Each structure stands twice: as C-alpha cells, then as structure tokens.
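# Fold and contact review
So the chains spell out like this:
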Amino acid sequence: MFESYHQITAVLFDLDGTLIDSAPDLAATANAMRMHRGLPELPFETLRPMVGAGARGMLGVALNTTPEHDEFIALRDEFFERYEQCLLHQTQPFTQVPQLLEALQQQRLPWGVVTNKIARFGLPITQGLSLFQNCGVHIYGDTTAHSKPHPEPLLEAARRLNVAPHSCVYVGDDLRDVQAGRAAGMFTLAAAWGYLGQGEAVEDWGADAVVQSPLEVFNWLGTRYEPFKCGTTHERL
C-alpha cells in the first residue's frame, strides 16, 4: 500500500459490478432468450456471477453455448439486440458509489471508467446515468485495440487524464481487472461487492487490497469520508 494520499493522482474504475449493478438487466436478457426457446427462467443467483464475462459468460450459463459452437455468433448478436432494448431498465449504482464519487470530487481527485463493455452499450449507460457527469475519462471495450486483461485500456485512460500510470489505482470486480492494472503498473483494488466470476477466490487475485464496500476505497486512499454537511469537511486520517 502506498504511504500517502498525494501519491495517487487518479482513480479508475471498472463499470459493471464495480460502479453499477447491471446484473438484473443482463440476467433478464439471458432469461428472455431461454423463454423464447421454451426453456424455464434460471434463478438470478445462477446468472449473476457471470455478468462480468459479458455475453460470452451469460450465454454459457443460459444456453450452454461457448464461442467454439457454430451458433455462438448468431446467439451473441441476438443477446446484444435484446440487451440494447433494456440497458437502463433496472441498472443502477451500487449502494455507496454515489457517495464515493462525491468524496473524490470533493478532494478534486480525477476519476474515470475503464470497461470491456463496448461503446454501443457502455455509452448509453454513462450518458443516461447522472452518476457519470463528473467522470474524467471513459474507455470502452472498443476504444483501444485491446481489452482487459491487456493493460492498454488503462494506459490510455492515464494518458487522457495526463497522469502517470504508477500514480493511479484501478478498482474492479474481476480477475482481469487486477491483471490489467498490475500490467499497467497501477495499484489495484478488488471490489468484493461485485460479481467476482466463478474462478479463484478474490483474495488470491494479487490485488493490493480487497475492499468490501465502495467507501472502503476512499479509506484505502488515506481519507475518511463523512456525508457532506454545512461546516464539515472530508478529512485525512
């Protein structure tokens, strides 16, 4: 862990499973495809862990289909078309996320989003939620030639914010987030409130820390968040 707050000059976040809970809309899309084929809906708890893997993960659970299957491309395209119609039906910020971003804003600490969600879906969400009005940079899955776990999306975010990668921290809920952050030379925090996938335990990802709630990110930065009231400030510990 770094020794002082001023060493961090920007905070970067994954999107799905870190800032926003998009699982209800993605799960509804997967179940709509099942019902269209005469199959019963799957429990939300079955679908939620795979949200971080996008269409590939959702189709794997919902229809037992992998990219190696001949019909995968057609099913993926159907998934995309259905999801595009319900992007913001139930998607909303996780509890404490608005307060976290407000605290960063109060500290004049730039923050941004780096997601593997392509702009076709990510842009309507970041434009449609007021949560992102002060976001300093948006990097989508097709912004650069590579997606996470490659470090290029994170490095591009640092370039656009005009900050050094080693002075950034990246927060995400998937092993690929930690891998990308470490490869980019950034600090990494694993968001334990997120989707986490079905692989190894979050504690084994190699992140600098595992944070249990969004406001723990602010604590890790070396500050204490207090809800804004007249005459109060966000003080450093």
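Everything in this summary refers to the structure shown in the same document.

Calculation notes
Residues numbered from 1 in each chain as written. Predicted model: local features only at pLDDT ≥ 70, side-chain atom pairs only at ≥ 80, totals over all residues. Heavy atoms only, no water. Helix = DSSP H or I, 4+ residues; strand = E, 2+ residues; numbered from the N terminus. Rg over C-alpha atoms; globule rule 2.2 N^0.38 Å. Contact = heavy atoms within 4.5 Å. Pairing = 2+ DSSP bridges. Buried < 20%, exposed > 50% of the residue type's maximum accessible area, 1.4 Å probe, protein only. Arc of directions from axis to C-beta. Polar contact = N/O pair within 3.5 Å; in protein donor to acceptor, adjacent residues only side chain to side chain.

## So, the overall build of the protein
- Looking only at helices and strands, one finds nine helices and eight strands in the protein.
- Its C-alpha radius of gyration of 18 Å places the protein within 12% of the 18 Å reference for a compact globule of 237 residues.
- For the C-alpha atoms alone, the extent of the protein along its principal axes is close to 60 × 40 × 30 Å.
- At a minimum sequence separation of 6, the contacts of the protein that also span at least 24 residues come to 63%.

## Points about the sheet that holds strand 4 (residues 111-114)
- Across the sheet, six strands lie side by side as 5-4-1-6-7-8; this open sheet has parallel pairing. The open sheet terminates on both sides in strands that have one partner only, identified here as strand 5 (138-139) and strand 8 (209-211).
- One ladder, built from three bridges, connects strand 1 (residues 10-13) with strand 4; its direction is parallel. Across the sheet, residue Val11 finds its bridge partner in strand 4, namely Trp111.

## Thoughts on helix 6 (residues 119-128)
- Every buried residue belonging to helix 6 is among Phe121, Gly122, Ile125 and Thr126, and all of these are buried. Across the axial projection of helix 6, the buried residues extend over an arc of 115°, all falling on one side.
- Where helix 6 is buried, its residues meet strand 2 (20-21), helix 4 (72-84) and strand 5.

## Observations regarding the pairing of strand 7 (residues 187-191)
- Strand 7 sits mainly inside the fold: five of its five residues count as buried.
- Residues of strand 7 alternate between two faces, with Phe187, Leu189 and Ala191 on one and Thr188 and Ala190 on the opposite face, all of them buried.
- Inspection of the sheet shows strand 6 (residues 168-172) paired to strand 7 by four bridges, in the parallel sense. Looking at strand 7, one finds that Gly172 is bridged to Ala190.

## Overview of the side chain of Thr115
- Note on placement: Thr115 falls in the loop between strand 4 and helix 6.
- Assessed through its relative accessible area of 3%, Thr115 is described here as buried.
- Only 2.9 Å separates the side chain of Thr115 from the backbone nitrogen of Lys117, close enough to count as a polar contact.
- With residues up to four places along the chain from it excluded, the contact list for Thr115 reads Asp14, Leu15, Asp16, Ile139, Tyr140, Gly141 and Lys148.

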